[in-house]
Amino acid sequence: MSDRLRRYPLLESIREPADLRRLEERRLPELAAELRAFLIESVAATSGHFGANLGTVELTIALHYVFDTPEDRLVWDVGHQAYPHKILTGRAERIHSIRKRGGLAPFPKRGESPYDTFGVGHSSTSISAALGMALAARLQGETRRAVAVIGDGAMTAGMAFEALNNAGDLEADLLVVLNDNEMSISPNVGALSKYLTRLLSGRFYTSVREGGKRVLGGPVRELARRAEEHVKGMVTPGTLFEELGFRYFGPVDGHDVVELVHLLRNLRDQPGPRLLHVLTTKGKGYAPAERDQVKYHAVSVFDPKRGMVGGGGDSARPTPRSSAAGCATWPSANRA
């Protein structure tokens, strides 16, 4: 066991997602704090993709906590948001080897782990890949689930929309998680949005909605459908996805790990195409990365207590000026 990992006792106990699923739900925020701090320390010491990974800490924990991976298929889109996924799936002690000869791949790689269900790099392939997995499960009569995680930037590509259109037409049992770290579709509207999303994803609403479909018919059913769309359209920005055949939920806070767990449990066993819109912050938990998301997208070796200068990547150098850093280890960064 590496000395670095020993400083994070809860994270150290997670050797695979099955260990994670044995944790009490109340301890998940503590695990998120340790995972983020470990990620900051590790990538700063070895280089690699930085900001996007910090933004997916809570989402990664929630997905592996709710879904039975690797039996359930989890497909990441752009791989530079998958470092937390690698850490939680038995590769924490080797995370320092990313981008080194003989080390871990910087993206999900099927030959590296059974939890890496699809080889990815850049971008917009996750929905079509997960759709293929969902349809294969249907044809084989298996109950395994398929989840695609895609960023708001990757969602703009034609391949992503072609996959959405295909999934909606085939009524595939597929969950798409839209990781929106630029808030480019819609800002979070607060407690009302959270309440409505929980309500719309719950069993009661689903049973009433499906029961209404069976009871109502003809013009009355069409009137009810239009009324539902009108009400939902006033509080959610999911009209486009609904037109493509997806049930839309969100937007929700992607850094509230307990709330994410509740929502994913609600959505896990629902049939058909669903889309969960999650709002995250690139660089979350490390103040300099939150302020300059471009520079901290990818970093070379730097001192997290000092930050860095330059454009990131191989050009970055430590800055002589001290600044706040960190997460659980450097709590002042959270005030940014």
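Calculation rules
Residues numbered from 1 in each chain as written. Predicted model: local features only at pLDDT ≥ 70, side-chain atom pairs only at ≥ 80, totals over all residues. Heavy atoms only, no water. Helix = DSSP H or I, 4+ residues; strand = E, 2+ residues; numbered from the N terminus. Buried < 20%, exposed > 50% of the residue type's maximum accessible area, 1.4 Å probe, protein only. Contact = heavy atoms within 4.5 Å. Areas by Shrake-Rupley, 256 points an atom, 1.4 Å probe, with all protein chains shown as cover. Core = buried A, V, L, I, M, F, W, Y, C linked by side-chain atoms within 4.5 Å. Pairing = 2+ DSSP bridges. Right-handed = clockwise from strand over helix to strand, strands pointing away. Phe/Tyr/Trp six-rings, centres within 6.5 Å; stacked < 30°, edge-to-face > 60°. Axes fitted to C-alpha atoms, helices over the stretch in contact; angles between N-to-C directions. pLDDT = per-residue confidence, 0-100.

Caption draft 1: Main features of the overall build of the protein chain. When helices and strands are tallied, the protein chain shows 15 helices and 9 strands. Burial statistics for the protein chain: of 336 residues in total, 52% are counted as buried. Across the protein chain, the fraction of contacts at a sequence separation of at least 24, relative to all contacts at a separation of at least 6, is 69%. When the accessible surface of the protein chain is totalled, it reaches about 15,000 Å², and 53% of it is carbon and sulfur.

Caption draft 2: Main features of the nonpolar core. Counting residues in hydrophobic clusters, the biggest one holds 57 residues, and the most contacted among them are Leu11, Leu20, Phe50, Ile61 and Leu63. In terms of residues, this core owes the most to one element, helix 4 (residues 28–46), which gives 10 residues. Those residues within four positions of leucine 63 in sequence are excluded, and the remaining contacts are Leu74, Trp76, Val147, Val149, Val177 and Leu264. By size, the runner-up hydrophobic cluster in this structure holds 26 residues, among which are Ala146, Ile150, Ala172 and Phe241.

Caption draft 3: Structural view of the pairing of strand 3 (residues 146–151). Most of strand 3 is tucked away: 6 of the 6 residues are buried. On strand 3, burial covers both faces: Ala146, Ala148 and Ile150 on one face and Val147, Val149 and Gly151 on the other are all buried. Pairing of strand 2 (residues 73–76) with strand 3, which is carried by 4 bridges, proceeds in the parallel orientation. In the sheet register, arginine 73 faces strand 3, and the bridge partner there is alanine 146. Bridge count between strand 3 and strand 4 (residues 174–180): 5 bridges; the pairing is parallel. Looking at the pairing, valine 147 lines up with leucine 175 of strand 4. The parallel pair strand 3 and strand 4 is bridged by helix 9 (residues 158–170), and the resulting crossover is right-handed.

Caption draft 4: Layout of the packing of aromatic side chains. Scanning the entire structure with this criterion turns up 8 aromatic pairs. Relative to phenylalanine 38, the ring of tyrosine 8 lies with its centre 5.7 Å away and its plane at 75°, an arrangement referred to as edge-to-face. Of this pair, tyrosine 8 sits in the loop between helix 1 (3–6) and helix 2 (9–12) while phenylalanine 38 sits in helix 4, placing them 30 residues apart in sequence. Residue classification places tyrosine 8 among the buried residues on the basis of a relative accessible area of 5%. The buried category is assigned to phenylalanine 38, whose relative accessible area is 1%. Considering the side-chain rings of tyrosine 296 and phenylalanine 302, the 6.0 Å spacing of their centres and the 70° angle between planes classify their relative orientation as edge-to-face. A residue is classified by how much of its surface remains accessible, and phenylalanine 302, at 5% relative accessible area, is buried. Here a set of aromatic residues connected by ring pairs shows up, and it is made of Phe50, Tyr286, Tyr296 and Phe302.

Caption draft 5: How the structure looks around the sheet that holds strand 4. Strands sit in the order 2-3-4-6-5 across an open sheet of 5 strands; the sheet is parallel. In the strand order of this sheet, the two ends are held by strand 2 and strand 5 (247–253), each with one partner. Between one strand and the next, the sheet's axes are offset by a mean angle of 20°, whatever the strand orientation. Each of strand 4, strand 5 and strand 6 (273–279) is contacted by helix 14 (residues 257–268), which is oriented at about 170° to strand 6, the strand it contacts most.

Caption draft 6: A look at the confidence of the model for the protein chain. Residues with a pLDDT of 70 or more make up 74% of the protein chain, whose mean pLDDT is 81. This model gives residues 183–189 a pLDDT under 50, and the stretch forms 18 contacts once residues within four places in sequence are excluded. For residues 313–336, every residue scores under 50 in pLDDT, and the model assigns this stretch 62 contacts once sequence neighbours within four places are set aside.

Caption draft 7: The arrangement of the environment of asparagine 166 in detail. The residue asparagine 166 is located in helix 9 in this model. Residue asparagine 166 is classed as partly exposed on the basis of its relative accessible area, which comes to 37%. Sequence separation between asparagine 166 and leucine 131 is 35 residues; the distance between their C-alpha atoms is 8.5 Å.

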